[in-house]
Amino acid sequence: QVQLVESGGGAVQAGGSLRLSCAVSGGTFSAYAMGWFRQAPGKYREFVATIGWSGASTYYADSVKGRFTISRDNAKNTVYLQMNSLKPEDTAVYYCAADRASGIQKYAYNYDYWGQGTQVTVSS
């Protein structure tokens, strides 16, 4: 059974940085496309970033482009989300997800496995 466990969330002031990690076990991590999504209270889950199986392809939501960086370490079965210049509107629960197809995907319905989420709170 594939399991995804996020970590690295927390509270930070606007302008600060956080690095989220998502460790994957029980599957073939190096074959999966990976994504990060977020959900703020009262809002739909939204796409943040995705990365292909090799790490060569990435894609970002416009709202985070230039501030967030997605990366992966296939030797460690882990995907990361480096978040810089954080804003209060980045406050949300952040989820990582794995897609058994290897190409980048920005739609949540394409993903097969999900983590439990980690809270990120940005204060002004």
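Residues numbered from 1 in each chain as written. Predicted model: local features only at pLDDT ≥ 70, side-chain atom pairs only at ≥ 80, totals over all residues. Heavy atoms only, no water.

### So, the side chain of Thr78
Okay, step 1: Along the chain, Thr78 falls in strand S8 (residues 78-83).
Okay, step 2: Among the polar contacts listed, one links the side chain of Thr78 to the backbone oxygen of Lys76, at a separation of 2.8 Å. (Helix = DSSP H or I, 4+ residues; strand = E, 2+ residues; numbered from the N terminus. Polar contact = N/O pair within 3.5 Å; in protein donor to acceptor, adjacent residues only side chain to side chain.)

### Brief notes about the pattern of salt bridges
Okay, step 1: Taken as a whole and judged by the stated rule, the model has five salt bridges.
Okay, step 2: Note that Asp90 and Arg38 form a salt bridge whose closest N and O atoms lie 2.9 Å from each other. You can see Asp90 sitting in the loop between S8 and strand S9 (92-99) and its partner Arg38 sitting in strand S4 (residues 33-39), a full 52 residues away along the chain. In this structure, Asp90 and Arg38 share a single accessibility class: buried.
Okay, step 3: Residue Lys65 pairs with Asp62 through a salt bridge whose shortest N-O separation is 3.1 Å.
Okay, step 4: Members of the salt-bridge network, linked through shared partners, are Arg38, Glu46, Arg67 and Asp90. (Salt bridge = Lys/Arg side-chain N within 4 Å of Asp/Glu carboxyl O. Buried < 20%, exposed > 50% of the residue type's maximum accessible area, 1.4 Å probe, protein only.)

### As for the layout of surface pockets
Okay, step 1: Within this model, the largest pocket holds a volume of roughly 190 Å³.
Okay, step 2: Surrounding the largest pocket, 14 residues form its lining, Arg38, Ala40, Lys43, Glu46 and Glu89 being those nearest its centre.
Okay, step 3: Here the lining of the largest pocket is built from residues that sort into four nonpolar, three polar and seven charged. (1 Å grid on protein atoms, 1.4 Å probe; cavity = no way out; pocket = protein on both sides within 12 Å on 5 of 7 lines; lining within 4 Å. Points joined across faces, edges and corners; volume = space filled by probe spheres on them. Nonpolar A, V, L, I, M, F, W, Y, C, P; charged D, E, K, R; others polar.)

### Observations regarding unusual backbone geometry
Okay, step 1: Unlike most non-glycine residues, Asn77 shows phi in positive territory, near 55°.
Okay, step 2: Within the secondary structure layout, Asn77 lies in the loop between strand S7 (68-73) and S8.
Okay, step 3: Here Asn77 falls in the partly exposed class, since its relative accessible area comes to 27%.
Okay, step 4: Look at Ser85: it is not a glycine, yet its phi comes out positive at around 50°.

### Thoughts on the sheet that holds S7
Okay, step 1: Pairing within the open sheet is antiparallel, and its four strands lie in the order S1-S3-S8-S7. Sheet topology places strand S1 (3-7) and S7 at the edges, where each strand pairs with a single neighbour. For this sheet the average axis-to-axis angle between neighbouring strands, irrespective of direction, equals 15°.
Okay, step 2: As defined by bridge partners, strand S3 (residues 18-25) adjoins S8 across six bridges and the pair is classed as antiparallel. Among the inter-strand pairings, Leu18 is bridged to a residue of S8, identified as Met83. (Pairing = 2+ DSSP bridges. Axes fitted to C-alpha atoms, helices over the stretch in contact; angles between N-to-C directions.)

In short, shape yes, function no, at least from these values alone.
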